[in-house]
Amino acid sequence: MPDTESRTEITRRFLVENDLAGWFCWRPDEILLLLGHLPYWGLSFLLSLRDGTNLLFVPELEPQD
C-alpha cells in the first residue's frame, strides 16, 4: 500500500493529466486513504490541488484524535 506522499503524487498526476484544478473529497474513506485522517463524524473535507497541496478542513465540532 502506498504511503501518504505517493498517494498525493498519484492524485496530483491524475489532476494534471486530466486538466483539473483540484479534487474534492468528503467521504471519510477517501480522506483516510489520501491523508491517513479518519473523520470521527464525517464532517471534514479535503481539497487536493493540482500543485500537490492538500487542504484538510476539520470543523470545531469534530473531536480530536
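Remember, it's a predicted structure, so these values are computed and weren't measured experimentally.

(A) The arrangement of a nonpolar patch on the surface in detail. Together, Tyr-40, Trp-41, Leu-43 and Leu-61 give the surface a local cluster of nonpolar side chains, amounting to about 510 Å² of exposed area. In this structure, Tyr-40 sits in the loop between α2 (28–35) and β2 (45–49).

(B) How the structure looks around the pairing of strand β3 (residues 54–57). By the bridge criterion, four bridges tie β2 to β3 in an arrangement that is antiparallel. Within β3, the position partnered with Leu-46 by the bridge is Leu-56. Between β2 and β3, which pair antiparallel in sequence order, lie four residues; one of them, Gly-52, sits at a positive phi of approximately 95 degrees.

Thresholds, definitions, all that
- Residues numbered from 1 in each chain as written.
- Predicted model: local features only at pLDDT ≥ 70, side-chain atom pairs only at ≥ 80, totals over all residues.
- Heavy atoms only, no water.
- Patch = residues over 30% accessible without salt bridge, like charges linked within 9 Å, V, L, I, M, F, W, Y side chains within 5 Å.
- Areas by Shrake-Rupley, 256 points an atom, 1.4 Å probe, with all protein chains shown as cover.
- Salt bridge = Lys/Arg side-chain N within 4 Å of Asp/Glu carboxyl O.
- Helix = DSSP H or I, 4+ residues; strand = E, 2+ residues; numbered from the N terminus.
- Pairing = 2+ DSSP bridges.

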